[in-house]
Amino acid sequence: MPNQADNNDLFDNSSEVMVEANNLHKTYDAGTFQVKALRGVDLKVSKGEMIAVMGPSGCGKTTLLNCLSGIDSINQGKILIGNKPIHELSDDQLSDFRAKFMGFVFQTYNLLPVLTAQENVELPLLISGYSQKEASLKSRKTLATVGLEDWCGHKPAELSGGQQQRVAIARALVNDPVIVWADEPTGNLDSQNEEDIMNLITKLNKENKQTFILVTHSDNVGSKANRIVYMKDGLIDQKEN
Amino acid sequence: MKKLFGLDTDLMAIYLLGIFTIFAFIIIFQALRNPILVKLAVRNIPKRIGQSFLIVFGLMLSTVIIEASLGIGDTVYNSIKRTALESVGYIDETISSPQRFSDGRYFPENTIEDIDSLLENNPQVDGIISRISTNLPVLNTRTNRTEARMIIRGYKPDRQSSFGDIIALDGTIIPLVNLKSNEVLLNENAGEVLDAKVGDNVEVYTGKDKSTFTVKQIVQHGGLASGGDTKLVLMSLTQIQTLINKPKSIDWIGISNTGGITEGLDYSKEVTNILRTNLVDREIANQISNIIKENPVITDINNILIDDSFKRSNKLQTTVIDDLKLILKEIEQNKNSNSEKYFELIANQENVNGLIWILSYLEYTSEADSVSLLSPQLNKLIVDETKSGALKFAENIGSSVTTIFTIFGSFSIIVGLLLIFLVMVLLAAARSTEMGMARAIGLKRRHLVQMFIFEGSVYALLAAVIGTALGALVSLALVGLLKQAQGDIDDFPIYVTFTIKSLWIAFSSGFILTLITVGFSSYRISKLNIVVAIRGLSEELVKKQNPQFKANLKSLGISLIGPIITILKFKDNKFTINHNILINLIKFVTLFVISIFLWPFNILKQIFKLLAPINKQGWPLILIGIYVHRIGINIDNGTLFSIGVSISILGLGLALRRILELIKIQRSINHRISSTFEGLTFLLFYGLPFDTFESYTGELNTTPDIFVLGGVAMVGSSVWLIMNNSDLLLSASNKTFGRISGLQATFKTAVAYPLASPFRTGLTISMFGLVIFTLVIFAILNGLNNVAAEQPTRVTGGYDINASVRKEFAISLDEFKQKINESNSLELSQFEVITQSGSIASIAREKSGKEQQFKPLRIRYVDKSYLNTTEIKFSYKNPKYAKTDKDVWEALSKEDNLAVISSGAIPTDDPFDSNSNRFELAAFDVEGLNKDFWPESNISVELLPIQGASSPENIEIIAVLDQLVDSLEWERSAYLITNQSVANNITNNLEEYNNYNIKLSQNTKAEDVIPFLETLFIERGLKANDNLKEIEKSLQTGNAFNKLFQGFMGLGLVVGVIAIGVLSIRAVVERRKIVGAMRAIGYRANMVYLSFLLESLYITILGIMLGLGLGTWTAWNIFNSISKEVEGLRFDIPWINLIIIILITLFFALLSSFWPAKQASKIYPAEALRHE
Ligand SMILES: Nc1ncnc2c1ncn2[C@@H]1O[C@H](COP(=O)(O)OP(=O)(O)OP(=O)(O)O)[C@@H](O)[C@H]1O
Ligand SMILES: [Mg+2]
C-alpha cells in the first residue's frame, strides 16, 4: 500500500486545474554561451485534459515537459500541479511525487533491458511501497489493458518497438497517476503503430480521466488531443493557438 | 635458482626469450604492414591517460604475483646458498670412511699420501688437506658460558695454503702453524656463544677428561674458519689427535679445486670421478659385473633402460639411467677385464642403487640380493661432491619455496588474467562507437582485432615493466613476513636477492601471458555484437558463424604458400608508392623472413579451423580424453589423468549438444541441459574424495599442480553451472532478500543486471571464488595442526624433557641419578621417570616387498621403563599382538624380534612429498586404509647394520606409530622403535643409551630444570629440550607461515576488488540513460546509489559463498584423506579467521564501488534522458 502519506497533502485532488505554469524561464549554460530554452511560458491544463505540445525542433518542447514534470529545474517562475508548487520540493520529495502521481512515456521507451515486461511495470509500484504480490497482480492487469497479457515474461529485446512502447505506457499508468507525460511517444514508430498507440492513449484518457501532456511532431497525434499548444523560441506561440 | 616446477630456469629464460621474440616479431610484422592501424590504435593511449593508467594497473597484477614468488624463492635460495658456501669454503670434494659413525669413521693419517699421488700434477686441484672434526662441550671459564655441541676441528697446518687465510677480527693473518699446543682459535659464532675474548681460557670436555686451551684469536668467517651457522673451535691436527686420543688418525680429507670458491665447482665432477675410480674396491666391482654380465640379465636390463615408458615413469633419475647404459656398454665391450670407465661409473653409489632397483624390478631377486650385499663394501673411501651437494640442497629448498608460492600464486595469476580479459571487454564496450565508425569507413573485423592487439601490446609492455618492479617490492615485503615467520627459531641469515634471470622470467612471462590474454579477448571482442554487448544482454558473446568448408579449405591452401602470398601482396601494395627503394627493400626482407617464420603456425591454425566442425560433434575430444587419461594412468601421473577425463567430459558435453540438436530440442533448453550436465560432471569429478578412482587407476602420483587444476576446474564449473541457470538463482534471490520492504525495487535491479551479463559476472565471481577457495583451504588445514597443542602427549609421549649426549659420553642411569642427587640445584624427587634410548643407523628392506633394494632405516632402541611409561599411540596395529596401544609396547618389551615403525614409512600420496628414497612398507600400499587395517601376512623386515659387518637380522613389525609423533619434524622420516636387544643383535655389541626422555613430577616445570641439568652434565655435553615449548614454537611458525600466505593470497583479492570497481564504473557509463528513466519514474537518488552498491555486493557475496563452499568441500576431502592416517583430527572451520577475511573482502569491494555508485546517484535525469 502506498505509505508515503506525508506526500498526500502535496497534491490537491479537488482542484480543476491540473497544471499551472506562470512565467517559466529556463536557461542552459552551455559553457561559452547561454541558451534561453524557455523565456516566460504560461500554461494551464485542466484535469482530464489531453494536450499536445507542438513546434519546430529546438523550440523548447522537451525542456518544458521536463520542467513541468520536475525532472529539470527552472530559473524563474512558478509551477503548480494540483495547486501545489512543485518547484519548491526537495529532490527526494520530487522523486516520491513522481512515483505516486506521475507517469512517463519516452520516445525511446527506456525500459530496463534486464527485466521482463511485467517486472518493468511493477517497478513504480514497488517504489511506492506496494508488496510484490500486489504489484504483480496490478501490473499484469495493466499489461492486459494495453493488450500484452501474453507477453508478461518477455524481456524488452524480445518485443517489437510498438510493444515496448505499450509496456512503457503500462508502466506509466500502473500507479494510477494523475498526469502522464509523453515526449514524442510515437517518434520511433511507424504510422500503423502510431495509430494503435494513440488510440490506446485516447481510450485510457477517456476512461480514467487522467491528464495527458504529449509532445509531438506528428499532426496525426496532435489531432487526437483535446488541445494543441504551439511553441516557438521558448514561448507559447499565441497566434497559432 | 636453477629449477622451477622441475624445469631448468636457464632453459625457461631462453624459451621465454624465444617466445617473446616471436611475439615481438609478429606484432612488428603486422605493424609494418598496417602502419595506419597502429596510428589509429595507439592514439587512444595518451588521449585518455587516466583510463590508460587504470588499464595498465589492471593488466600488471599477474606479473606482480609472478615476480613476487620468484623474488622470494631467489632470496631463500641465495640465503641458503651463501650459508652453505660460507661453511664449506674452498673445499669442493671430501673423502671419508664408508662408516660414518663412532670410531669406525677414523682412518690412517697417511691415507692422504695415496690421495696426493692420485691427484699429483692434476691441474684441476690446488690443495689437499686432512682433518679431524668432532663436537664436544666447551666452557669459557671467564664468562661461564657453555656450548654443549661445539664443533672442534684440527687441520693439518702445513697444507693450509690453498684453503684461504685465517684472519683474526683485527685483520691479522694467523697461520695454524703458529698455534702453540695449548692455543686455539674461535670463529665469530663460537666467540659469540661463549662471549669470549682473546686470552680467555676455555675448557674442552672429552668425556672423562677435560683440557684447557687459551683463545689466541677470534677469527672471521670464511675458509677453514667456516661460517653460516657453524660454531667452531679451530686447532691443528696434532692438537686434536692428542685431545681425543686418536694419534695418526684422520676422519676426513678435503680437496680444493683450482679457482676460487665458486669456480672450483666446474671441475667437481671430473675430480670426483678420478678419485672414485681409484678408491673403488675393484675386486668387489668385478664381482658385481660378473653378476650382471650373464644373459639374459644384461639384455633384459638393456631393454628396460631403452624403454621409453620406463624412462617416463620417473622411477629413476635420467642421469642414473644414462650411467647404467654406459656401464652395460663397458661390460659388453670388455668381456675379460673391466675398463676404467666402468670402475668410475660403478663407484657411484647412486648407480649401484639404481642397478639393484632394476634387478628387483625385473624380478632377478637373487642377483639383486647379491649386489645389495656387495654394495656396502664397494667403496674403500667415500668421495662426496660436498660443495655441489650443498648447492643442490639450497637449490631444492629455494625451488620448492618458489613452487609453493607460484602454485598458490597461480590462482591469483589466473584471476589477474581474468581481470585483463574483463578490462579488454569493457574497453571494447567503451570504444563501441569508435569501432562502429571504423567499420563504417571500411575496416574489416580482422583490422579491429589488430588495432586492439596493437593498443593492448603497449599496455602489456608497460604492465610487464611496472609489474615486475612492483613485484620485486612485494617480494621484499613478503621476505619481511618470512623473517617474522622464522622468528627466533634459529639465526639463519636472510639475504634479499633479485636476479636478472628471475626478473626477466617474470617480465617476459608476464608480458606473454598478458599479450595472449589481450589477443584472445580481442578476438572474442571482434565476434561481439557491440549493441548487444552494451546493453549487457545474455548473449554477450554472440555465437560465431561457421565459415563454409570450402572457404576453410581455400584458406588452408593459401596458408600453405604463405610466404609467396606475402611477396605478391607486398608487390601490390608497397612498391607502387614511390618511396625510397632501400627502405622498401629492408621492409620487404623483414616481412619475408617473418612470414617464413610464421608459416607453420598459420598452417596449423588453418588445419584446426578446417577440422572444427568435426570437433564440434564431440567424439574426437572424447577419444583424445580417453587416450590422455590412459597415458596418465600408465605413466602414473594424476594431473594427466585428470586432464584426460576433463577433455572427455568436454567432448561428452559437445556430443550431448549435438544429439539434442538432432532430436530438435529447443536451442535454449538444449544449451541449459548440456551446460548443466557439463558443470555438474566437472564439479563432481573434481569434488569426489581423492581415492574414488583408485580401484581403477591404482595409486597415482600427484604433483602440487593438481591443486591448481582442481581449484580452477571446480570454481569454473560451478560458475558455469550457476550462470547457465541464473534464472533459478534470480528468483531464489528475489524470493528471499527481495521481500525486504523498501528494498524491493532496488534489489530487483541490483540482482537482475549482473545475472543478465553472465560472462563478466561469471568472471568476477570466479575471481573471488578462486581466492576465497584457497584462503579457506589454507585456514582450515592450518587449524588441523592444533591437535598437537590439544593433545601434546601424542607428540611427547608424556615426557616433559628430551635430553641427549653423544654416544661416547653416554651417562648410565645410575650415574645420572647420582649426580642429580649430589647437586644442590636439583632434587631427585623432581624427576618422576627417566627413560633411556639410543639410535643406530641401518639399512633395511621389506621381505616380500616389491623393492629389493636396501634403504636407510634408523633404529631407535628404548629401555624397559620407556616401554612401560610411554603414552605414544599407534595408527595401525597387528591385532594378533595387541588390542590396545599399551599391548603393543608390552609386546615389544617381552619379545626380542618385534618392532614398531614410524608413519613416515607408510606410502603417501601427498603431492608435496618429494623424497622417493625413503624406506616404505609396500604392505601398506593399498587403497582405503582405515584404522582397523592390518596386512594379511606378517610384515617382516630384513635389517643390515651400517656399522660392523654382520648378517641380516629379521624382525617383525607389529604397529605403525601415530603420525603426530613426528609432527615437529620438517620431513617425513622412516625409523623403527625396538627394545635394546634387537639393536644389540645386529651390531654384536652392547649399544649404549645416550638419549633420555624425562617425565617430571607434578609441580616441577621443565624450564626450571633444564638450565641446571645442562650445567650439571656440561662435561658430557648434555642438551635438553622442553617438549611442550617445541610444540608451541612449531605452532607459532605454522601460524606465521599461514599469515604469510594469506598476505600473498591477498594480492588475488586486490585483483578481484579492482575488477568490481572496473565493472561498476563501466556500469554507470553504460546505464546513464536508464538511470535517468529510473529517476523519472520515481527512484530517489539514494535508491540509485544503493542499487549500484547492492549490485557489487551481490557479485562479491556470490563469489565468497562459492569459494567458501568449494573450499570447505575440498578441505573436507583433504581432511578425510589425512585423518585416515592421523587419529583424533577434528574438522574445524576457523570461523573468526574466515569472517575476518570475508569482512575485509566485502569492505574493499564496497569501497571500490562507492565512488561509481555515487556518480550514478548524481546523474541528472533531464540530462541523461536527452542523450541518445
Ligand atoms: N543541456 C543543454 N545545454 C545547452 N543547451 C540545451 C540543453 N538542452 C537543450 N538545450 C537547448 O535548448 C533548446 C530547447 O531544446 P529542446 O530539447 O527543449 O527542444 P525541442 O523542442 O524538444 O526540440 P526537438 O523537437 O528537436 O526535440 C535547444 O536550442 C537546445 O539546443
Ligand atoms: Mg525534444
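Being a predicted model, the structure only gives us computed values, none of them experimental.

(A) Spatial organisation of the overall build of chain B. Scanning chain B for helices and strands turns up 43 helices and 25 strands. Over its C-alpha atoms chain B spans a radius of gyration of 35 Å, differing by no more than 12% from the 32 Å that the globule rule assigns to 1172 residues. Looking at chain B residue by residue over its 1172 residues, the buried ones come to 53%. The long-range fraction of contacts in chain B, counting pairs at least 24 apart against all pairs at least 6 apart in sequence, stands at 80%. Accessible surface computed for chain B: about 52,200 Å², of which carbon and sulfur atoms make up 59%. Of note, chain B has its 110 positive side-chain charges centred 16 Å away from the centre of its 113 negative side-chain charges.

(B) The interface of chain B and chain A, seen in detail. Facing 28 residues of chain B, the contacting portion of chain A comprises 33 residues. When the two sides are added together, the surface that chain B and chain A hide from each other amounts to roughly 2,800 Å², 60% of it contributed by carbon and sulfur. Broken down residue by residue, the surface that chain B buries against chain A is led by K748, I1081 and R1084 of chain B, which jointly contribute 23%. Counting across the interface, chain B meets chain A through 4 salt bridges. For R1084 of chain B, the salt bridge goes to D92 of chain A, with nearest N and O atoms at 3.8 Å. Where chain B meets chain A, there are 14 residue pairs in polar contact (both at pLDDT 80 or more). Contributing elements (two or more residues each) for the side of chain B that touches chain A: α30 (744–756), α40 (1072–1080), α41 (1085–1123) and α43 (1165–1170) of chain B. A total of 7 residues in the side of chain B that touches chain A trace back to one element, the largest contributor, which is α30 of chain B.

(C) Quick peek at the side chain of S69 of chain B. Residues and elements named next belong to chain B. With respect to the element layout, S69 can be found in helix α4 (residues 49–88). What makes S69 buried here is its relative accessible area of 0%. When near neighbours in sequence (up to four residues on either side) are disregarded, S69 contacts T402, F405, T406 and F1048.

(D) Expanded view of the domain arrangement of chain B. Domain boundaries in chain B define domain 1 (1–87 + 387–538), domain 2 (93–270), domain 3 (281–378), domain 4 (546–607), domain 5 (725–786 + 1034–1172) and domain 6 (806–1021). Each of domain 2 of chain B and domain 4 of chain B has a C-alpha centre, and the two are 71 Å apart.

(E) View of the site of ligand 1. With respect to spatial proximity, 16 residues lie near ligand 1, and among them S57, K61, T62 and T63 of chain A together with R1170 of chain B are the closest. In this structure, ligand 1 sits where chains A and B come together, each supplying nearby residues. Here an oxygen atom of ligand 1 sits 3.0 Å away from a polar atom, N or O, in the main chain of G60 of chain A. Side-chain polar atom of R1170 of chain B to an oxygen atom of ligand 1: 2.5 Å apart, as the coordinates give it. Of all the secondary structure elements, the ones that give two or more residues to the shell around ligand 1 are β1 (17–30), β2 (33–46) and α1 (61–69) of chain A together with α43 of chain B. Top contributing element to the shell around ligand 1 by residue count: α1 of chain A, with 3 residues. Class assignment for the residues of the shell around ligand 1 results in 6 nonpolar, 6 polar and 4 charged.

(F) Representation of the sheet that holds strand β10 (residues 235–236) of chain A in the model. With respect to topology, 6 strands assemble into an open sheet ordered β6-β7-β8-β3-β9-β10 (chain A), the strand pairing being mixed. Two strands in the sheet have a free side with no partner beyond their single neighbour: β6 (102–105) and β10 of chain A.

(G) Summary view of the pattern of salt bridges. All names here are of chain B. In the structure shown here, the tally under the stated rule is 33 salt bridges over all chains. Between D962 and R794 there is a salt bridge; the shortest N-O distance is 2.7 Å. Of this pair, D962 sits in the loop between β22 (953–961) and β23 (975–979) while R794 sits in helix α33 (residues 793–796); the two residues are 168 residues apart in sequence, bridging distant segments of the chain. Judged on exposure class, the residue D962 and its partner R794 are both buried. The shortest N-O distance in the salt bridge between K999 and E871 comes to 3.2 Å.

(H) Up close: the nonpolar core. Core analysis: the largest hydrophobic core is formed by 125 residues, its most contacted members being L59, L419, L422 and F1048 of chain B. Each of domain 1 (1–87 + 387–538) and domain 5 (725–786 + 1034–1172) of chain B accounts for three or more of the residues forming this core. What L59 of chain B contacts, discounting residues up to four positions off in sequence, is I420, V423, Y459, A460, A463, T514 and V518 of chain B. In this structure, L115 of chain A together with V1068, I1074 and Y1083 of chain B belong to the second largest nonpolar core, which totals 61 residues.

(I) Main features of a nonpolar patch on the surface. Together, W1135, I1136, I1139, I1140, L1143, I1144, F1147, F1148 and L1151 of chain B make up a nonpolar patch on the protein surface, roughly 940 Å² of accessible area in all. On the secondary structure map, W1135 of chain B appears in helix α42 (residues 1135–1161).

(J) The arrangement of the pairing of strand β8 (residues 211–215) of chain A in detail. Residue and element names in this part refer to chain A. For β8, a buried count of 5 out of 5 residues is recorded, marking the element as mostly surrounded by other parts of the structure. Of the two faces of β8, the one carrying T211, I213 and V215 and the one carrying F212 and L214 are both buried. Across 4 bridges, strand β3 (residues 50–54) lies against β8 in parallel orientation. Directly across from A52, in β8, lies its bridge partner L214. When strand β7 (residues 179–183) meets β8, the two strands line up parallel, connected through 5 bridges. Bridged to A182 within β8 is L214. In this fold, the crossover linking β7 to β8 by way of helix α6 (residues 191–208) has right-handed handedness.

(K) Inspection of the packing of aromatic side chains at higher detail. Residues and elements named next belong to chain B. Under the definition given, this model contains 29 aromatic pairs over all chains. Plain terms: the ring middles of Y1089 and F1154 are 6.2 Å apart, the flat faces sit at 80° to each other, and that makes the pair edge-to-face. One end of the pair, Y1089, is in helix α41; the other, F1154, is in helix α42, with 65 residues separating them in the sequence. Under the relative-accessibility criterion, Y1089 is labelled buried at 16%. With relative accessibility at 43%, the residue F1154 sits in the partly exposed group.

(L) Summary view of the sheet that holds strand β4 (residues 76–81) of chain A. Residues and elements named next belong to chain A. In spatial order, the strands read β2-β1-β4-β5; together these 4 strands make up an open sheet with antiparallel pairing. Bordering the open sheet on either side are β2 and β5 (84–85), each of which pairs with just one other strand. Two strands pair when backbone bridges link them, and β1 and β4 are joined in this way by 5 bridges, in the antiparallel orientation. Considered in β4, the bridge of V19 is made with I81.

(M) View of helix α12 (residues 318–333) of chain B. Helix length check: α12 of chain B (16 residues) gives 23 Å between terminal C-alpha atoms against 22 Å at 1.5 Å per residue, within 8%. Turning to α12 of chain B, its buried residues number three or more, namely V320, I321, L324, I327, L328, E330 and I331 of chain B.

(N) Just unusual backbone geometry, in detail. Residue and element names in this part refer to chain A. Its identity as a non-glycine residue notwithstanding, Y109 has a phi of 65°, on the positive side. Tracing the chain through its elements places Y109 in the loop between β6 and α3 (117–127). In this structure Y109 comes out as buried when scored by relative accessible area, which is 11%. Phi at E184 is positive, roughly 45°, even though this residue is not glycine.

Rules of the game
- Residues numbered from 1 in each chain as written.
- Chains lettered and ligands numbered in written order.
- Predicted model: local features only at pLDDT ≥ 70, side-chain atom pairs only at ≥ 80, totals over all residues.
- Heavy atoms only, no water.
- Helix = DSSP H or I, 4+ residues; strand = E, 2+ residues; numbered from the N terminus.
- Rg over C-alpha atoms; globule rule 2.2 N^0.38 Å.
- Buried < 20%, exposed > 50% of the residue type's maximum accessible area, 1.4 Å probe, protein only.
- Contact = heavy atoms within 4.5 Å.
- Areas by Shrake-Rupley, 256 points an atom, 1.4 Å probe, with all protein chains shown as cover.
- Lys, Arg positive; Asp, Glu negative; His and termini not counted.
- Charge placed at Lys NZ, Arg CZ, Asp CG, Glu CD.
- Buried area = accessible area lost by both parts, 1.4 Å probe.
- Salt bridge = Lys/Arg side-chain N within 4 Å of Asp/Glu carboxyl O.
- Polar contact = N/O pair within 3.5 Å; in protein donor to acceptor, adjacent residues only side chain to side chain.
- Domains from an automatic or database assignment.
- Near = heavy atom within 4 Å.
- Nonpolar A, V, L, I, M, F, W, Y, C, P; charged D, E, K, R; others polar.
- Pairing = 2+ DSSP bridges.
- Core = buried A, V, L, I, M, F, W, Y, C linked by side-chain atoms within 4.5 Å.
- Patch = residues over 30% accessible without salt bridge, like charges linked within 9 Å, V, L, I, M, F, W, Y side chains within 5 Å.
- Right-handed = clockwise from strand over helix to strand, strands pointing away.
- Phe/Tyr/Trp six-rings, centres within 6.5 Å; stacked < 30°, edge-to-face > 60°.
- Expected span 1.5 Å × (residues − 1).

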